[in-house]
Amino acid sequence: MSTRALAAEALVQVLFERRSLSAVLPQYLAQIPPSDKQAGERALLQELCYGVLRWQPRLTAILQHLMRKPLKARDADIHALLLLGLYQLIYMRTPDHAAVTETVSAVKALNKAWASGLVNAVLRGYVRDAQRIATEVDRDDAAAYAHPAWLLKAIKTTQPSHWQAIATANNQHPPMTLRVNARHMDRTAYLQALHAAGIKAHAAPHTSHGITLAQPMDVERLPGFRDGWVSVQDAAAQLAAPLIKAQPAQRLLDACAAPGGKTAHILESHSGIALIALDNDGQRLKRVGETLQRLGLAEHARVQQGDAATPTTWWDGIPFDSILLDAPCSATGVIRRHADIKTLRRAEDIMALAEQQARILEALWPLLRPAKEGGGMLLYVTCSILPQENQQQIMRFLANHPDAHEQPIIAEWGHPMEVGRQVLPGEDGMDGFYDARLIKE
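Remember, it's a predicted structure, so these values are computed and weren't measured experimentally.

Trainee: Provide a residue-level description of the packing of helix α4 (residues 76–91) against helix α6 (residues 116–128), including the pertinent values.
Mentor: In a pair of packed helices, the angle between the axes and the distance between the axes together describe the arrangement. Packing of α4 against α6 leaves a shortest axis separation of 10 Å and a crossing angle of 30°. In terms of axis orientation, α4 runs roughly parallel to α6. In terms of crossing hand, the pair formed by α4 and α6 is right-handed. Taking contact as the criterion, the partners of I78, L82, G85, L86, L89 and I90 in α4 are, on α6, V119, V122, L123, Y126 and V127. Residues that form the contact of α4 with α6 fall into these classes: 10 nonpolar, one polar and no charged.

Trainee: Explain the pairing of strand β9 (residues 377–382) to me, using residue names and the numbers behind them.
Mentor: In terms of burial, β9 is a largely internal element, six of the six residues being buried. Burial along β9 is two-sided: the residues M377, L379 and V381 and L378, Y380 and T382 are all buried. In this structure, strand β8 (residues 322–326) lies alongside β9, joined through five bridges in parallel fashion. Its bridge partner being in β9, I323 is matched across the sheet by L378.

Trainee: Lay out the packing of aromatic side chains with the relevant residues and their values.
Mentor: Within the structure shown, the criterion is met by five aromatic pairs. For the ring pair Y145 and W163, a centre distance of 5.1 Å and an interplane angle of 65° mean the geometry is edge-to-face. Of this pair, Y145 sits in the loop between α8 (141–144) and α9 (149–158) while W163 sits in helix α10 (residues 163–170); the two residues are 18 residues apart in sequence, bridging distant segments of the chain. You can call Y145 buried: its relative accessible area is 19%. Within the aromatic cluster, the residues linked to one another by ring pairs are W55, Y87 and Y91. The ring centre of F225 lies 4.0 Å from the NZ or CZ of R294, which sits over that ring. Over the aromatic face of W413 sits the side chain of R421, whose NZ or CZ is 5.8 Å from the ring centroid.

Trainee: Provide a residue-level description of the pairing of strand β7 (residues 301–305), including the pertinent values.
Mentor: Pairing geometry for strand β6 (residues 274–279) and β7, over five bridges, is parallel. Opposite L278, over in β7, you have Q304 as the bridge partner. A crossover connection joins β6 to the parallel β7 through helix α13 (residues 282–294); in handedness this β-α-β unit is right-handed.

Trainee: So what's going on with the side chain of T332? Which residues, and what values?
Mentor: If you trace the backbone, T332 turns up in the loop between β8 and α14 (341–344). A polar atom in the side chain of T332 sits 3.0 Å from the side chain of S330. Among the polar contacts made by the side chain of T332, one reaches the main-chain amide nitrogen of I385 at a distance of 3.2 Å. Filtering out sequence-adjacent residues up to four positions away, T332 remains in contact with L151, N170, C383, S384, I385, L386 and E389.

Trainee: Tell me what's going on with the pattern of salt bridges, and back it up with residues and numbers.
Mentor: Taken as a whole and assessed by the stated rule, the structure comprises 16 salt bridges. R58 serves as the salt-bridge partner of D138, at 2.8 Å between the closest nitrogen and oxygen. Note that D138 is positioned in the loop between α7 (130–137) and α8 and R58 in helix α3 (residues 39–66), a separation of 80 residues in sequence. Here R337 and D234 are joined by a salt bridge, their closest N and O atoms 2.9 Å apart. With R337 in the loop between β8 and α14 and D234 in the loop between β4 (230–232) and β5 (251–255), this pair connects stretches of sequence that are 103 residues apart. One network of salt bridges, with partners in common, ties together D234, R336, R337 and D431.

Trainee: Summarise α9; cite the residues concerned and give the values.
Mentor: Every buried residue of α9 is accounted for by L151, L152 and I155. Projected down its long axis, α9 shows its buried positions confined to an angular sector of 100°, all on one face. Along α9, exposed side chains directed more than 90 degrees from the buried face belong to A149, K153 and T157. Contact partners of the buried residues in α9: α8 and α10.

The rules behind each value
- Residues numbered from 1 in each chain as written.
- Predicted model: local features only at pLDDT ≥ 70, side-chain atom pairs only at ≥ 80, totals over all residues.
- Heavy atoms only, no water.
- Axes fitted to C-alpha atoms, helices over the stretch in contact; angles between N-to-C directions.
- Helix = DSSP H or I, 4+ residues; strand = E, 2+ residues; numbered from the N terminus.
- Parallel < 35°, antiparallel > 145°, perpendicular 65-115°, else oblique.
- Left-handed = near helix turned anticlockwise from the far one by under 90°.
- Contact = heavy atoms within 4.5 Å.
- Nonpolar A, V, L, I, M, F, W, Y, C, P; charged D, E, K, R; others polar.
- Buried < 20%, exposed > 50% of the residue type's maximum accessible area, 1.4 Å probe, protein only.
- Pairing = 2+ DSSP bridges.
- Phe/Tyr/Trp six-rings, centres within 6.5 Å; stacked < 30°, edge-to-face > 60°.
- Lys NZ or Arg CZ within 6 Å of the ring centre and 35° of its normal.
- Right-handed = clockwise from strand over helix to strand, strands pointing away.
- Polar contact = N/O pair within 3.5 Å; in protein donor to acceptor, adjacent residues only side chain to side chain.
- Salt bridge = Lys/Arg side-chain N within 4 Å of Asp/Glu carboxyl O.
- Arc of directions from axis to C-beta.

What follows is the structure, given as structure tokens:
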């Protein structure tokens, strides 16, 4: 099957069956032989899938402008193929004639030869009148900035001074940022290793161990990756571990730990602690174990499956000195890495997520040792930019718990909120993250 047909089938599962691209894409990549000869086709498949999902709201608006009536549900693959064709015409360097011809050819691979004329007519119709169509479609901000209307409205409302920068950042290709394993070497030494390998990179701001590559690459090409010298982690995600001031022999809980980046960072930068990495998803928890094994940290943590909201099913009754709650959230701060969020997330999800976060906070707070006994810190983290999940969540928690107060985070990164700090997408090359530090009296 052609690469474009494979991409169309993958997109159908995301756009119409509401599956995540990370779950869908591997099965389609597996249909392209992993050889140097086919490397370009594998890269094309990924570019088409991520690109269409990144720009889907705008592409859909353009397609609606071009078609008299929508396709039937059984022809979702043709709908996806049309979006693919438009993406190539608008955002890729593919020549117009090649984009049209290759997309029409993919119709046959989908066994829908009847649609060849339709696909050809729609795409050529855009080519003939591209500027006028774009001008009309882009009168709507949701189309112009390629965001669902509900999400763009939420961003405008909560970030009136930054909404355009946020929306623009969400549509960019994200940088590839690394975290050097402090148990192996420091950042300077690894930068030298990269330079020796001909890989351009620079230190990531606001981090002690972060490095941003000039160009993304396969992790297998990174010096010492298999030996645990380095991991892939956005700079904003690297801000959490330094906020935890754990002492040797103290007991820590990393709740909702998968896939394990923050777990590993805590262990790399803290010695002699007893850490439990907890997650409810067995498959994702397996990745935590694999990550710790590669980094040589498996013996320093206990990987535990369990629901953070129901400690009675997994807690041994011994209080924790510190808790990191990397709360489940809308992921609206990492859209540039997970473009399918624009398609999969719904406005009604935000309230449900906020309620889940509140349940977890309520469940974990009693597990925390008070500050007067030497512990008492809970670090709340999300990769969201929405206040319902961030400062409003924490302000409500503080109002309901007289034994809790904020320990302000004094830093050069992000924006101080009523409670906690917010990094917005794209700022200093980072993803959007929220951090708040609470102390239990």
